[in-house]
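What follows is the residue order along each chain.
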Amino acid sequence: MKGLPQITQIAASTNHCLALDTAGNVWAWGDKNDWGELGHNRLNELFRPTKVEGVSNVVSIAAGGGGINASGAVKKDGTVWVWGGNQSGMMGNGKNPVLGEPGSINRKPIQVKGITNARVIRMGSGHVGVILTDGTLRMWGHDGWGQIGVGTAGFYQLTPKQTKITNVKELYIGGSRNLAVKSDGTLWFWGPSFRKCSGVLGQDQKVPVQVKLP
């Protein structure tokens, strides 16, 4: 794509995209930037990549959407930074403001407190997950079906919580559902059920459960 330096990662959501360049800078572009997910104040049809100011030395990026748009990054020092909409607590700052209230839209990256050893960040439709260097997860945001993985449902988790799973190698978030691969190669699932599926995939799971593969 024109206007971008050499890229090492990309992340895409419903209405916006992010790219990470070799220098550790984040670039963003998308539709309207209504939620501040592009990391600046300009609005409407921002289809040309713009560097996100206020965050550098990034090693992992994520884009979340599906009603509330947000973006996130993990820096080389293990800290986590987020920007965009906070209507489901995706900023991880203990707040869940109504749209229009102060802090409901964050157009500059803010640091998520309490995390200094992150490795990877992923985002869904209202919740965020981070893999730490020790293989544990921290998740926060919308917990309507148990997608934070702490045994609750019907709530918002407004600060990072330790999900009940260890030895995580990779995390995949699709909408409100989560899939994780552990270091032993096993597959785990939690969140709202998949329609027309049987077994553990056919039921809402409030904590990670192993999916038996053929």
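Residues numbered from 1 in each chain as written. Predicted model: local features only at pLDDT ≥ 70, side-chain atom pairs only at ≥ 80, totals over all residues. Heavy atoms only, no water.

Draft legend 1. Examining the sheet that holds strand S11 (residues 137-143) more closely. Strands sit in the order S9-S10-S11-S12 across an open sheet of 4 strands; the sheet is antiparallel. On the outer flanks of this sheet lie strand S9 (118-123) and strand S12 (155-162), each paired with one strand and no other. Direction aside, the axes of adjacent strands within the sheet are offset by 10° on average. Where S9 lies against strand S10 (residues 127-132), 5 bridges are found, and the strand directions are antiparallel. (Pairing = 2+ DSSP bridges. Helix = DSSP H or I, 4+ residues; strand = E, 2+ residues; numbered from the N terminus. Axes fitted to C-alpha atoms, helices over the stretch in contact; angles between N-to-C directions.)

Draft legend 2. Region of the structure containing the packing of aromatic side chains. As enumerated under the stated definition, the model contains 1 aromatic pair in all. On the basis of an interplanar angle of 45° and a centroid distance of 5.4 Å, the ring pair of phenylalanine 189 and phenylalanine 194 is categorised as tilted. Lying over the aromatic face of phenylalanine 194, arginine 177 brings its terminal NZ or CZ to 4.5 Å of the ring centre. (Phe/Tyr/Trp six-rings, centres within 6.5 Å; stacked < 30°, edge-to-face > 60°. Lys NZ or Arg CZ within 6 Å of the ring centre and 35° of its normal.)

Draft legend 3. Quick look at the sheet that holds strand S5 (residues 58-64). If you walk across this open sheet you meet the 4 strands as S5-S6-S7-S8, and the pairing is antiparallel. At either margin of the open sheet sits one strand with a lone partner, and together these are S5 and strand S8 (105-111). Looking at each pair of strands side by side, their axes are set apart by 10° on average, direction ignored. Summarising the sheet, S5 and strand S6 (residues 70-75) pair through 6 bridges and their orientation is antiparallel. Directly across from glycine 64, in S6, lies its bridge partner alanine 70.

Draft legend 4. Molecular detail of the pattern of salt bridges. Within the structure shown, the criterion is met by 1 salt bridge. Residues glutamate 170 and arginine 122 are paired through a salt bridge, measuring 3.0 Å at the closest nitrogen-oxygen approach. Here the residue glutamate 170 occupies a position in strand S13 (residues 168-174), and arginine 122 occupies one in strand S9, the gap between them amounting to 48 residues. (Salt bridge = Lys/Arg side-chain N within 4 Å of Asp/Glu carboxyl O.)

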